[in-house]
Amino acid sequence: ELLALRYDLTVPFARFLALNAVGNIKRFHIGKVYRRDQPQLSKGRYREFYQCDFDIAGVYGRMVPDSECVSVACDILDALPIGEFGIKLNHRRLLDAILDICGVPADKFRTICSAVDKLDKEPWSEVKREMVEDKGLESEVADKIGAFVVKKGEPWTLYNELMGNGDASKCAFGTHAGANEAMEDLRILFEYLEAMDKLKFISFDLSLARGLDYYTGVIYEAVCMSGNTQVGSIGGGGRYDNLVSMFQEAGKVTPCVGVSVGIERVFTLMEARLREEQGTIKQPNVNVLVASVGANMMVERMKLARILWDANISAEFSQQDNPKLKYELSNALERAIPFMVIVGEDEAKEGKCKVKDLAAKTEETVTREDLVKVLRSKGVVPVGCEFAAELLANED
């Protein structure tokens, strides 16, 4: 295929690094990517969707950028209303070492890895059958692999178990250099994640392989662990030290590590949670509906809307000539708009209006000069400041 739509945001980033001498860099990128999959809308699986990537490239302290990428993934998912989540974590070199220790021929590493990666969806018996019958692996070798890859759990607990709880003679990997180097990477990573209070989200899972061949070190995958909506992975990433080299002159290496979050899958979980909690996913798209009583009040509604817009408050007014107030009230309730500002002929003459709080079922008359102040006192925040207001509210 000479022409294709981009599969992810990582390979284009690697090409950018190869063509530009940027040195050390941290970046985020949100953009569309494409997959030749069978769409499953209920699971957030599409052929065209958005990914949100965060990557660190360059030379840094050992496992420092890896820990930051995992920490960023935890912060993103913890801030979203998707319920409980977890991040499965493994090391690609550790997985390769396990296959080597178990006697898997080097030319079968990738194909056996792809079978191991199915353990989150299929039982070990089916994965073993695929290894033996479909991929030609000896049954004894598959059993040795199974003894390793079914292990998962709290990071320090599994780490200490694999390392023999301090007894080198009981280390699960013996003296295998690749395995022990990967375990040292993980020890440092766990220390850093513990320092950043993110280890509580992590599960050390020896079955995690991730399908892309460009990973060279730590790999991780985020999954939602609450609710009834199953969407598979909602994010993932890892270290890919050799990918940039594919586009560079021989011998040059640019270490990279990154994480990606699938936005549509996150939205699917958020919508499901809203339906469970509220019975609907409808959300108000404005905070204030400007209405009127009486005929020929279009100009007055426009004046009030202008005051609110100048204060950066989300508001709208009816564009019908003489809308009935009961229909405007019904409209606001149906759309869950929290406030109405109502003006009649008497209020217009006096330079006043009424502020109606639909949730509290209260109403008060205020001057136009005080309108913005009153709405802000009731919790209406300027457009674009909602996130900051939520942070301050949580701190209180």
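Structure's up top.
All figures in this text were calculated on a predicted structure; none of them were measured in a lab.

**What to know about a nonpolar patch on the surface**
Together, Tyr60, Val64, Tyr192 and Met196 give the surface a local cluster of nonpolar side chains, amounting to about 310 Å² of exposed area. Its place among the elements puts tyrosine 60 in the loop between β2 (48-57) and α2 (64-79). Looking at tyrosine 60, the relative accessible area reads 32%, which means it is partly exposed.

**A short note on the sheet that holds strand β8 (residues 256-262)**
Pairing between the strands of a sheet comes from backbone hydrogen bonds, and it takes one of two forms, parallel or antiparallel. Strand order in the open sheet made by the eight strands is β1-β2-β8-β7-β6-β3-β5-β4, with mixed pairing throughout. The strands lining the two open edges of the sheet, one partner per strand, are β1 (25-34) and β4 (152-153). In the sheet, β2 pairs with β8 via seven bridges, with the strands oriented antiparallel. Across the sheet, alanine 57 pairs through a bridge with cysteine 256, a residue of β8.

**Some points on the packing of helix α5 (residues 124-134) against helix α6 (residues 139-149)**
Across the interface, α5 lies against α6 with an axial gap of 10 Å and an inter-helix angle of 140°. Considering the relative orientation of α5 and α6, their crossing is right-handed. Side by side, α5 and α6 meet where Trp124, Lys128, Met131 and Val132 of the first sit next to Ser139, Ala142, Asp143, Ile145, Gly146 and Val149 of the second. Counted by class, the contact of α5 with α6 contains six nonpolar, two polar and two charged residues.

**Concerning the environment of phenylalanine 247**
Of note, phenylalanine 247 is situated in the loop between β7 (233-239) and β8. You can call phenylalanine 247 partly exposed: its relative accessible area is 32%. Here the alpha-carbon distance between phenylalanine 247 and phenylalanine 16, two residues 231 residues apart in the chain, equals 9.2 Å. Discounting chain neighbours no more than four positions away, the residues touching phenylalanine 247 are Val11, Ala14, Arg15 and Ala18.

**Some thoughts on the side chain of arginine 301**
As for its position among the elements, arginine 301 is in helix α10 (residues 298-310). There is no salt bridge for the buried arginine 301, and the closest opposite charge comes from glutamate 328, which lies 5.6 Å off by N-O distance.

Parameters at a glance
- Residues numbered from 1 in each chain as written.
- Predicted model: local features only at pLDDT ≥ 70, side-chain atom pairs only at ≥ 80, totals over all residues.
- Heavy atoms only, no water.
- Patch = residues over 30% accessible without salt bridge, like charges linked within 9 Å, V, L, I, M, F, W, Y side chains within 5 Å.
- Areas by Shrake-Rupley, 256 points an atom, 1.4 Å probe, with all protein chains shown as cover.
- Salt bridge = Lys/Arg side-chain N within 4 Å of Asp/Glu carboxyl O.
- Helix = DSSP H or I, 4+ residues; strand = E, 2+ residues; numbered from the N terminus.
- Buried < 20%, exposed > 50% of the residue type's maximum accessible area, 1.4 Å probe, protein only.
- Pairing = 2+ DSSP bridges.
- Axes fitted to C-alpha atoms, helices over the stretch in contact; angles between N-to-C directions.
- Left-handed = near helix turned anticlockwise from the far one by under 90°.
- Contact = heavy atoms within 4.5 Å.
- Nonpolar A, V, L, I, M, F, W, Y, C, P; charged D, E, K, R; others polar.
- Lys, Arg positive; Asp, Glu negative; His and termini not counted.

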